[in-house]
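As a plain string of letters, each chain reads:
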Amino acid sequence: MILCCGEALIDMLPRETDAGAPCFAPHAGGAVFNTAVALGRLGAPAGFFSGLSTDFFGDQLRGVLAESGVDTALAVVRDAPTTLAFVRLVDGQARYAFYDENTAGRRLSPGDLPALPDATEALFFGGISLIGEPCGSAYETLMLREAGRRVTMIDPNIRPGFVSDETAYRARIDRMVAAADIVKLSDEDLGWLEGAGDPADVAPRLLARGPSLVVVTLGAAGALAVTADGPVSVRGRPAEVADTVGAGDTFNAGLLAGLAEAGAFSGGRLGALDPATLSHALDLGAAAAAVTVSRAGANPPWRRDLDI
């Protein structure tokens, strides 16, 4: 099982009434939630660990996870609100306003961490859940506890506007990157962390800190992966873009699903990644992300929707 650890929230997506008045439609979302849903739809054994609410938005989140085949047995359910993220689209790019104070997800603490079942081969972390407290400390503690025992992956999915203590946040990301087997970032994330430069030149700096695999997504241009054996890249898949909500999250799922199918997580350790295996996993991520961007909101594809 691949256990996705991080936020679940409701994306309030902009819409119009029949009369043309602005309104918002509630859609299940959150970076890590989206990855869990996409994994389940791609046929990978997936689980989800987060703080979930007993309110009707929490019911909506649990319903989508169940419909997608995601195991929520480890989630912590409590009587607290669900995080809301109001979305504004600017030239097809999502901009967010978060309402997260004292929510079920935010209140997750290190004391809530579960013992993991033996079937858990890999863990995925990332998103805004690494910014707030106490949940950020909980996810970091879990990752550092399990690193070396199970495959770990992080996609920080950086939202600079929500980082109130940049020094502490950068230190957390540095620690988690050093502990991770797999690090995935967008080219924008890489620039925020490491400064300007060609991703092919900058990504090896992260590889030198400890990970075995660093992947940088390049939007429509595809993705670049770097290992100790050198770079592997794939082109992006053509798509008519509705919006980019959930695109990177879906790519993460395709990458993880492709590696799992190849047996790369056997025994809880990241196996050797030959170029063919890595290229296939990257291409699965790109193909799945192309479907997601063609749909409004984060709506990852099922495996039957893909030509790979």
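Bear in mind the structure is a predicted one, so any value in this text is a computation, not a measurement.

So, how was this worked out
Residues numbered from 1 in each chain as written. Predicted model: local features only at pLDDT ≥ 70, side-chain atom pairs only at ≥ 80, totals over all residues. Heavy atoms only, no water. Salt bridge = Lys/Arg side-chain N within 4 Å of Asp/Glu carboxyl O. Helix = DSSP H or I, 4+ residues; strand = E, 2+ residues; numbered from the N terminus. Core = buried A, V, L, I, M, F, W, Y, C linked by side-chain atoms within 4.5 Å. Buried < 20%, exposed > 50% of the residue type's maximum accessible area, 1.4 Å probe, protein only. Pairing = 2+ DSSP bridges. Contact = heavy atoms within 4.5 Å. Axes fitted to C-alpha atoms, helices over the stretch in contact; angles between N-to-C directions.

Undergrad: What should I look at first to understand the pattern of salt bridges in this one?
TA: Pairs may arise between side chains of opposite charge once their charged atoms sit close together. Counted according to the given criterion, the structure contains 19 salt bridges. Close ionic contact of Arg-149 with Glu-146 constitutes a salt bridge, the shortest N to O distance being 3.6 Å. Note that Arg-170 and Glu-166 form a salt bridge whose closest N and O atoms lie 2.8 Å from each other. Of this pair, Arg-170 and Glu-166 are both found in helix α4 (residues 166-179), four residues apart, which corresponds to roughly one turn of the helix.

Undergrad: What is the right way to read the nonpolar core from this model?
TA: Side chains of nonpolar character tend, in soluble globular proteins, to be buried together. The biggest cluster of nonpolar side chains holds 53 residues, and the ones touching the most others in it are Phe-48, Phe-265 and Leu-282. When residues of this core are assigned to their parent elements, the largest contribution, seven residues, is made by helix α8 (residues 275-293). Residues Phe-125, Leu-130, Ile-173 and Leu-193 belong to the second largest nonpolar core, which totals 36 residues.

Undergrad: When you look at the sheet that holds strand β6 (residues 70-71) in this model, what are you seeing that I'm missing?
TA: Backbone-to-backbone hydrogen bonds join strands into a sheet, with any given pair of strands oriented parallel or antiparallel. As summarised here, the arrangement of the nine strands in space is β6-β4-β1-β10-β11-β12-β13-β14-β15, forming an open sheet in which the pairing is mixed. The strands lining the two open edges of the sheet, one partner per strand, are β6 and β15 (230-234). Of the pairings in the sheet, the one linking strand β11 (residues 151-155) to strand β12 (residues 182-186) comprises two bridges and is parallel in character. Looking at the pairing, Met-153 lines up with Ile-182 of β12. Contacts between helix α3 (residues 135-146) and the sheet are confined to β1 (2-5), β4 (46-49), β10 (122-126) and β11, with β10 contributing the most and set at about 150° to the helix. Contacts between helix α7 (residues 247-261) and the sheet are confined to β1, β10, β11, β12, β13 (213-217) and β14 (223-227), with β12 contributing the most and set at about 150° to the helix.

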